[in-house]
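# What the coordinates show
Next come the chains, spelled out residue by residue.
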Amino acid sequence: MKNQKGHHRLIVILSGLVLGMFAFGFALVPIYNSLCKSLGINGKTNPEAVAYDAAKAKVDKKREITVEFVATNNSGVPWAFYPKTRKITVHPGEIAKLAFYAENKTDHPMTVQAIPSVTPGIAAKYLKKTECFCFTRQTLNGHEAMNMPLLFHLDTDLPEKVHTVTLSYTLFDVTDKG
């Protein structure tokens, strides 16, 4: 009888431990996101457009920043996807415009979402996008192609130690995601 109570107690403790680990696993994503946001790391950019007023813009002509562009497809996305310009040099505060090429290589319509990332992560909060294909989902018919615009500037408050920024986009298939 005493042995059964011990087994029952162990099962209750282990079940509670499993539930606690499960809950902790769910809590990790919001904890991670809020930590990254408050510390300015992880390379997540602002998901909304930022207005650019050329008349009020301050351009730091003393600094030049190299901005590199990378494009990748998540597995299962049979598209051609690449930046038409792989690298540019900009002054902080100066607007830059370029395009990414996308082509649906399948025989049917597909919808994709581009997810951006910035390296070094500290530069993410200083990258201001005025226009970006990443703000909305992109749908192309089979074998259709398009140039997708990107219009951005780097804030003049970008830390002095940052000389190169890499802006990377990954395409994800969201065709059946509504």
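Residues numbered from 1 in each chain as written. Predicted model: local features only at pLDDT ≥ 70, side-chain atom pairs only at ≥ 80, totals over all residues. Heavy atoms only, no water.

The name recorded for the protein chain in an unreviewed UniProt entry is Cytochrome c oxidase assembly protein CtaG, from Fluoribacter gormanii. Quoted verbatim from the Function (unreviewed entry) field of UniProt, the annotation for the protein chain is "Exerts its effect at some terminal stage of cytochrome c oxidase synthesis, probably by being involved in the insertion of the copper B into subunit I." According to the UniProt record, the Sequence similarities (unreviewed entry) comment for the protein chain reads "Belongs to the COX11/CtaG family." (UniProt positions renumbered as here; feature names shortened; annotations may be inferred.)

Counting 35 residues, the largest nonpolar core has Phe 69, Phe 81, Phe 100, Leu 150, Phe 152 and Tyr 169 as its most contacted members. Elements that contribute at least two residues to this core include exactly strand S1 (65–73), strand S2 (79–83), strand S3 (87–90), strand S4 (96–104), strand S5 (110–119), strand S6 (127–132), strand S8 (145–154) and strand S9 (164–173). (Core = buried A, V, L, I, M, F, W, Y, C linked by side-chain atoms within 4.5 Å. Buried < 20%, exposed > 50% of the residue type's maximum accessible area, 1.4 Å probe, protein only. Helix = DSSP H or I, 4+ residues; strand = E, 2+ residues; numbered from the N terminus.)

One open sheet holds the four strands; their spatial order is S2-S4-S8-S6, and the pairing between them is antiparallel. Of all strands in the sheet, those bounded by a partner on one side alone are S2 and S6. Between one strand axis and the next, the sheet turns through 25° on average, direction left out of account. Bridging between S6 and S8 involves five bridges; their strand directions are antiparallel. Each bridged residue has a counterpart across the sheet, and for Leu 127 the counterpart in S8 is Leu 154. (Pairing = 2+ DSSP bridges. Axes fitted to C-alpha atoms, helices over the stretch in contact; angles between N-to-C directions.)

Next up on the list: the packing of aromatic side chains. Taken as a whole and assessed by the stated rule, the structure comprises eight aromatic pairs. For the ring pair Phe 69 and Phe 100, a centre distance of 6.3 Å and an interplane angle of 90° mean the geometry is edge-to-face. With Phe 69 in strand S1 and Phe 100 in strand S4, this residue pair connects regions lying 31 residues apart in the sequence. Just as Phe 69 is buried, Phe 100 falls in that class too. A ring pair is formed by Phe 69 and Phe 152, whose centres lie 6.0 Å apart and whose planes are at 70°; its orientation type is edge-to-face. Note that Phe 69 is positioned in strand S1 and Phe 152 in strand S8, a separation of 83 residues in sequence. Considered together, Phe 69 and Phe 152 belong to a single accessibility category, that of buried residues. Through successive ring pairs, a cluster of aromatic residues spans Phe 69, Phe 81, Phe 100, Phe 133, Phe 152 and Tyr 169. (Phe/Tyr/Trp six-rings, centres within 6.5 Å; stacked < 30°, edge-to-face > 60°.)

Before going further, it helps to examine unusual backbone geometry. The peptide bond linking Thr 119 to Pro 120 adopts the cis configuration, its omega dihedral lying at -5°. Along the chain, Pro 120 turns up in the loop between S5 and S6. Of note, His 143 is a non-glycine position whose phi angle comes to about 65°, a positive value. Tracing the chain through its elements places His 143 in the loop between strand S7 (138–140) and S8. Residue classification places His 143 among the partly exposed residues on the basis of a relative accessible area of 48%.

Take the pairing of S4 next. Of all nine residues that make up S4, eight are buried, and the element is covered over most of its length. In this structure, S2 lies alongside S4, joined through five bridges in antiparallel fashion. The residue bridging Phe 81 from the neighbouring strand is Ala 102, located in S4. The pairing of S4 with S8 spans eight bridges and is classified as antiparallel. Looking at the pairing, Phe 100 lines up with Met 148 of S8.

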